[in-house]
Amino acid sequence: MQIALIDYGAGNLTSVRKGVAAAGAELVTPSRPDELARCAGMVVPGVGHFAATSSVHQAWRSAIVARVEAGVPLLGICLGMQWLFEGSAEAPDVPGLGLLEGRCLRIEAERPLKVPHVGWNSLSVIRADGILDGVDDGTHVYFTHSYAAPLTRDCSASVIHGQAFAAVVQRDHVAGVQFHPEKSGAAGVRILRNFIGMTRG
Amino acid sequence: MLAKRLIACLDVRNGGVVKGVNFEGLRDAGDPVELARRYNADGIDELVILDVTATIEERQALAATITAVSRELFIPLTVGGGIGSAGDAAAAIDAGADKVSLNTAALADPPLVTRLARIYGSQAVVVAIDARREGGGWTVMARSGQSATARDAVEWAREAEALGAGEILLTSIDRDGTRAGFDCELTASVAGSLSIPVIASGGAGTFDHFVEVFTTGQADAALAASVFHFSEHAVDELKTHLAGHGISVRR
């Protein structure tokens, strides 16, 4: 079965495509929302500004939510993870998908720490199963972002940069990673493989 | 805690690495894919492919190199050297680069930085600054360090950040190739003025030079080429050395 990569025009999908392919999945980029019905999983990538998610039209939002309700796994990467929440201070008027409770806020960090948070930082693993199966506490993964999701009961791993925030979230078959698994070496490929495993039940 | 990054630079011409590499057991010392694989296994945090070519034919070979390297390496990959336009940036990114590095093109056309940041996000846009010590400050050099501009390096770095650059790759022309150590004063002056990360380059010769640039130099990352060629496990040995000095590294 295929995994759908949701392309809403925000940034470069080449790396995500290669990463998911290396993890063993067949990726498709549907051009119409109804094509999601043929997919066993959905990946929402994304870099850049939260407002970019507003280019995901209502028909797509409805189709994605309907597939999630039907039990199809969803993985949000970076901005795609933030989009799973209710919204973000980066674009207060743009609603998130609202699958998870909470709003994303700008990272509060003082010098010498910098914002954006760019580089390899270590995960504090809270739940070492599901999307994080086989990923050790303290594993470094590659981040690049200025806004972050709150620590809620859905948080599977946190990270500290000035403050603690969510690095990995998962509720049932809805998962998100703030970092870039496609740029995070072997641990990142493992996480993508775990997601592909979820799509195969 | 955010790790300090070690970045290996591959100078590539016509699909091959041009700087001398002497790893034992490397099938083809000039093969960038083989070298990238070796660095990756040794724990390098990022790679920069620097295009040192001049012709269109060679540029096409570069795209094939980027694709080949990015297909099997899942760490950030930056391409620089020949990015003169939005079209060049698109070609590099389509081939598999995560970031593009602009130098002379950013000086000649500063709005290009903003345009690329809007298309790909700031995290994909690196502004490379070649700086030469002059008087009490540092002057920005263009055209691979060949011609001086009227710009001050610290001011240009601030401007690049305001234009939308996500990182600054800062090379000391005075130290480049000397192995006398990074220009930590330059790095600290720029890093202390910005909110975006600064990658220090030029002058790496010993492991202690990296300790200095990450402490007194306040660099977020350090880029080198030849120092990683000293031994087969130079990256791993360097990380052990840095960790021994209390510097956070990715293991």
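For the structure itself, consult the block above.
**Q** Would you explain the overall build of chain A in this entry?
**A** Within chain A one finds four helices and 13 strands. Over its C-alpha atoms chain A spans a radius of gyration of 15 Å, differing by no more than 12% from the 17 Å that the globule rule assigns to 201 residues. Along the first, second and third principal axes, the C-alpha atoms of chain A reach 50 × 40 × 30 Å. Burial status across chain A gives 53% buried among its 201 residues. The contacts in chain A between residues at least 6 apart in sequence include a share of 67% that link residues at least 24 apart.

**Q** Is there a simple way to explain the overall build of chain B in this structure?
**A** Of regular secondary structure, chain B possesses nine helices and 11 strands. A compact globule built from 251 residues should have a C-alpha radius of gyration of about 18 Å, and chain B, at 17 Å, falls within 12% of that. Its C-alpha atoms give chain B principal-axis dimensions of roughly 45 × 45 × 35 Å. Taking all 251 residues of chain B together, the buried fraction comes to 53%. Across chain B, every contact between residues at least 6 apart in sequence was considered, and the portion connecting residues at least 24 apart equals 63%.

**Q** Please clarify how the packing of helix H6 (residues 153–163) of chain B against helix H7 (residues 184–191) of chain B should be interpreted in this entry.
**A** Packed helix pairs are specified by the crossing angle of their axes together with the interaxial distance, meaning the distance between the axes. Residues and elements named next belong to chain B. Across the interface, H6 lies against H7 with an axial gap of 9 Å and an inter-helix angle of 35 degrees. Considering the relative orientation of H6 and H7, their crossing is right-handed. Of H7, the residues touching H6 (which contributes Ala153, Val154 and Ala157) are Leu186, Ser189 and Val190. Grouping the constituent residues of the contact of H6 with H7 by class yields five nonpolar, one polar and no charged.

**Q** How should the environment of Thr199 of chain A be read in this particular structure?
**A** As for its position among the elements, Thr199 of chain A is in helix H4 (residues 185–199). Setting aside chain neighbours within four positions, we find Thr199 of chain A in contact with Met1, Ile3, Ala40, Gly41 and Pro73 of chain A.

**Q** Would you mind showing me how to read the sheet that holds strand S3 (residues 39–44) of chain A here?
**A** Note on sheets: strands pair through backbone hydrogen bonds, and any given pair is parallel or antiparallel. Residues and elements named next belong to chain A. The sheet built from eight strands is open, its strands ordered S2-S1-S3-S4-S13-S12-S11-S8 with mixed pairing. Looking at strand neighbours, the two that pair on one side only are strand S2 (26–28) and strand S8 (124–125), the edges of this open sheet. Against the sheet, H4 touches strand S1 (2–5), S3, strand S4 (74–77) and strand S13 (174–177), its axis set at about 145 degrees to S3.

**Q** Before we go on, may I ask you to explain the sheet that holds strand S5 (residues 87–88) of chain A in this structure?
**A** Residue and element names in this part refer to chain A. Strand order in the open sheet formed by three strands is S5-S6-S10, and the pairing between neighbours is mixed. Pairing within the sheet leaves two strands with one partner each, and these edge strands are S5 and strand S10 (147–148). The pairing of S5 with strand S6 (residues 103–106) spans two bridges and is parallel. Paired with Ser88 across the two strands is Cys104, which belongs to S6.

**Q** Just checking my understanding: could you explain the pairing of strand S1 (residues 5–13) of chain B for this structure?
**A** All names here are of chain B. With eight of nine residues buried, S1 is to be regarded as a mostly interior element. Across four bridges, the pairing between S1 and strand S11 (residues 221–224) is parallel. In the sheet register, Ala8 faces S11, and the bridge partner there is Ala224. Where S1 lies against strand S3 (residues 46–51), six bridges are found, and the strand directions are parallel. Residue pairing for S3: Cys9 is matched across the bridge by Val48. Taken together, the two bridges between S1 and strand S2 (residues 16–17) define a ladder with antiparallel strand orientation. Bridging from a neighbouring strand, Arg13 pairs with Gly16 of S2. Joining the antiparallel neighbours S1 and S2 is a turn of two residues, in which Asn14 adopts a positive phi near 50 degrees.

**Q** Mind showing me how you'd approach H7 of chain B here?
**A** The α-helix advances 3.6 residues per turn, and as a result positions three or four apart in sequence lie on the same side. Residues and elements named next belong to chain B. Counting buried positions along H7 yields six of eight residues, so the element is predominantly enclosed. The set of residues buried in H7 consists of Cys184, Leu186, Thr187, Ser189, Val190 and Ala191. Check the buried side of H7 and you find it contacts strand S6 (125–134), strand S7 (137–142), H6, strand S9 (167–172), strand S10 (198–201) and helix H8 (207–214).

**Q** Which parts of the structure should I look at to understand the interface of chain A and chain B?
**A** Size of an interface, as often reported, equals the accessible area lost when the parts are brought together. With 29 residues of chain A at the contact, the number on the chain B side is 26 residues. Secondary-structure elements contributing two or more residues to the side of chain A that touches chain B are helix H1 (14–22), strand S7 (117–122), strand S9 (140–145), strand S11 (155–161) and H4 of chain A.

**Q** Quick question: what am I supposed to make of the packing of helix H3 (residues 86–95) of chain B against helix H5 (residues 111–120) of chain B here?
**A** Residues and elements named next belong to chain B. Between H3 and H5, the least distance of the axes is 11 Å, while the angle of their chain directions is 35 degrees. Note on packing geometry: the crossing formed by H3 with H5 is right-handed. Only Leu112, Arg115, Leu116 and Tyr120 of H5 make contact with H3, whose side of the interface consists of Ala86, Ala89 and Ile93. Of the residues contributing to the contact of H3 with H5, the split by class is six nonpolar, no polar and one charged.

**Q** Got a minute to help me understand the environment of Gln82 of chain A in this structure?
**A** You can see Gln82 of chain A is positioned in helix H3 (residues 79–82). Between the alpha carbons of Gln82 of chain A and Leu100 of chain A there is a distance of 9.5 Å; along the sequence they are 18 residues apart.

**Q** Looking at this structure, I do not really get the nonpolar core. What am I missing?
**A** Leu47, Val100, Ile168, Ile199 and Ala222 of chain B are the most contacted members of the largest nonpolar core, which totals 147 residues. Beyond its immediate chain neighbours, meaning those up to four positions away, Ile168 of chain B contacts Val127, Ile129, Ala157, Ala160, Val190, Leu194, Ile196, Val198 and Ile199 of chain B.

**Q** Honestly, helix H1 (residues 32–42) of chain B in this entry has me stumped. Any pointers?
**A** Restricting attention to buried positions, one finds in H1 of chain B the residues Pro32, Leu35, Ala36, Arg38, Tyr39, Asn40 and Asp42 of chain B. Gly43 of chain B occupies a position one or two residues after H1 of chain B and carries a positive phi of about 100 degrees.

**Q** In this structure, what is going on with the environment of Asp129 of chain A? I would like to understand it.
**A** All names here are of chain A. Summarising the element assignment, Asp129 is placed in the loop between S8 and S9. Taking the number of C-beta atoms within 10 Å as the measure of exposure, Asp129 has 12 and is therefore exposed. For the pair Asp129 and Gln170, spaced 41 residues apart in sequence, the C-alpha to C-alpha distance is 9.8 Å.

Calculation notes
Residues numbered from 1 in each chain as written. Chains lettered and ligands numbered in written order. Predicted model: local features only at pLDDT ≥ 70, side-chain atom pairs only at ≥ 80, totals over all residues. Helix = DSSP H or I, 4+ residues; strand = E, 2+ residues; numbered from the N terminus. Rg over C-alpha atoms; globule rule 2.2 N^0.38 Å. Buried ≥ 20, exposed ≤ 12 C-beta atoms within 10 Å, placed from the backbone. Contact = placed C-beta atoms within 7 Å. Axes fitted to C-alpha atoms, helices over the stretch in contact; angles between N-to-C directions. Left-handed = near helix turned anticlockwise from the far one by under 90°. Nonpolar A, V, L, I, M, F, W, Y, C, P; charged D, E, K, R; others polar. Pairing = 2+ DSSP bridges. Core = buried A, V, L, I, M, F, W, Y, C linked by C-beta atoms within 7 Å.

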